[in-house]
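Listed below, chain by chain, are the residues.
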Amino acid sequence: APVARSPLQLVAERRRHFAPSASLAYAQPLKIVRGAGCHLYDETGRAYLDMVNNVAHVGHSHPRVVEASARQMAALNTNSRYLHDHLAGYIKRLADILPPELSVIYLVNSGSEANDLALRLAQAHTQARDVVVVDHAYHGHLSNLIDISPYKFDGPGGGGRPSHVWVAEMPDTYRGRLRDGGKDIGAGYAESVATLLMDMIGLGRKPMAFIAESIQGCGGQIPFPPGYLDAAYRHIRREGGVCIADEVQTGFGRVGTHWWAFETQGVTPDIVTMGKPMGAGHPLAAVATRPEIAAAFAGGMEYFNTFGGNPVSAAIGLAVLDIIRDERLLANARARGMQLMDGLRVLAGRHPAIGHIRGLGLFIGAEFVQDRTTLQPDAAALKTVIEGMKDAGVLLSSEGPHHNVLKVKPPMVISEQECAHFLGLLDRVLTELGR
Ligand code: PMP
């Protein structure tokens, strides 16, 4: 058995040998040794309610996922060059929950791999290179994804915007140019896409793709105003570009009403990428696209991915889909999402630090401000709240360009009691903050 080290020893060893640019959560990092449902447990057996892990979609270490994984691992794991029932069954099940147009599936191992492949598909189909992205977006850690992620290239250590990348205004109806309550805000924000396209075409170039998360995650948990994606997609398609929906954070029913968040905008993308929740912690991700785009990419070079589509990953993916169906997790996301949004609104009524509550299903943001008229962000208050909640036994984290958005995106199996417990503790911590 491995030696059990204290958290302090682990910090020291990590400092010596682990990627120095990787961060740790919390001033005093946690050593987590076990997970079950919505709870994580440290080495002393202390339980923490996990309100932020959207990878543990069906709950931490779900017994059906563990069983499917162990059973298939014991039987066979190899690449997709052999026929396998799990692979066939899984891509069929994925196609069944996607729009019928998106009938071709590629299985990969991370959200970044999925987005990288999406760009290659778009390029093969359009023969263009320019990409329109939404400000503050994050699409992954590969070189060409840092290039299309303003969150990274405009952030610490970033090299700025590459010349083939065009950044559209973030449709933030709380802080942005057009605010809540106005008419046709979605189309209004999409005008920013149209303006970029005019500039692009003026330079003799044309768009390869528009890529957007269907609700912005790193950008600050920002759902788009109605009509935004529809208008943006129309502008791009008019100029021959394809539309990519990055559902890495928002897919698999998290929004409660639909399997995919793009459906809440009434659009059908040309390419959809998915990851995080798909394997409930096992590295599993995918790209879905239209047959004609897949055909353009199939013109010569083989696509081989060592781990993509292996039978263990497929077995796990199938188990996750079964659990979502059998435990009615979309309905739960809807009900618990409403409970959390209502509860947070009540808290906002009592605690002036919360300036804005937003979200869909179990993808929620609460924005912290110093002043509700100037909207001056309050990252320090949020940091205090997150540390206070940790001491109270709840795990959370922050997001957004001003680091002042509390993100709430628990596993989809969260119960009514757990949500009530979270809201009660948050009330207490916010009251202490107010003193
Ligand atoms: N797209 C989005 C919207 C993401 O949030 C992330 C990860 N945070 C990625 C892509 C990249 O996924 P991965 O870390 O699995 O490569």
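Residues numbered from 1 in each chain as written. Predicted model: local features only at pLDDT ≥ 70, side-chain atom pairs only at ≥ 80, totals over all residues.

## Quick look at the pairing of strand β13 (residues 354-360)
- Taking burial as the measure, the seven residues of β13 include seven buried ones, the bulk of the element.
- When β13 meets strand β14 (residues 363-368), the two strands line up antiparallel, connected through six bridges. Looking at the pairing, I354 lines up with F368 of β14.
- Between β13 and β14, which pair antiparallel in sequence order, lie two residues; one of them, G361, sits at a positive phi of approximately 55 degrees. (Buried ≥ 20, exposed ≤ 12 C-beta atoms within 10 Å, placed from the backbone. Helix = DSSP H or I, 4+ residues; strand = E, 2+ residues; numbered from the N terminus. Pairing = 2+ DSSP bridges.)

## Here we look at the site of the ligand
- In the neighbourhood of the ligand, 14 residues make up the surrounding shell, with S110, G111, S112, G140 and V248 lying closest.
- When its residues are assigned to classes, the shell around the ligand shows two nonpolar, ten polar and two charged. (Near = placed C-beta within 6 Å. Nonpolar A, V, L, I, M, F, W, Y, C, P; charged D, E, K, R; others polar.)

## Some thoughts on the domain arrangement of the protein chain
- Each assigned domain of the protein chain is listed with its residue range as follows: domain 1 (7-58 + 328-434) and domain 2 (63-326).
- Spacing between the C-alpha centres of domain 1 and domain 2 amounts to 25 Å.
- The interface is formed by 27 residues belonging to domain 1 together with 28 residues belonging to domain 2.
- Broken down by secondary-structure element, the contributors of at least two residues to the side of domain 1 that touches domain 2 are α11 (329-350), β13, β14 and β17 (405-408).
- Among the elements that line the side of domain 1 that touches domain 2, the one with the most residues is α11, at five residues. (Domains from an automatic or database assignment. Contact = placed C-beta atoms within 7 Å.)

## Concerning the sheet that holds strand β11 (residues 271-274)
- Taken together, the seven strands give an open sheet; going across it, the order is β4-β12-β11-β10-β7-β5-β6, and neighbouring strands pair in mixed fashion. Bordering the open sheet on either side are β4 (104-108) and β6 (165-168), each of which pairs with just one other strand. Across the sheet, the mean angle separating the axes of adjacent strands is 20 degrees when strand polarity is ignored.
- Along the sheet face, helix α7 (residues 185-202) touches β5 (130-134), β6 and β7 (207-213) and points at about 150 degrees away from the line of β6. (Axes fitted to C-alpha atoms, helices over the stretch in contact; angles between N-to-C directions.)

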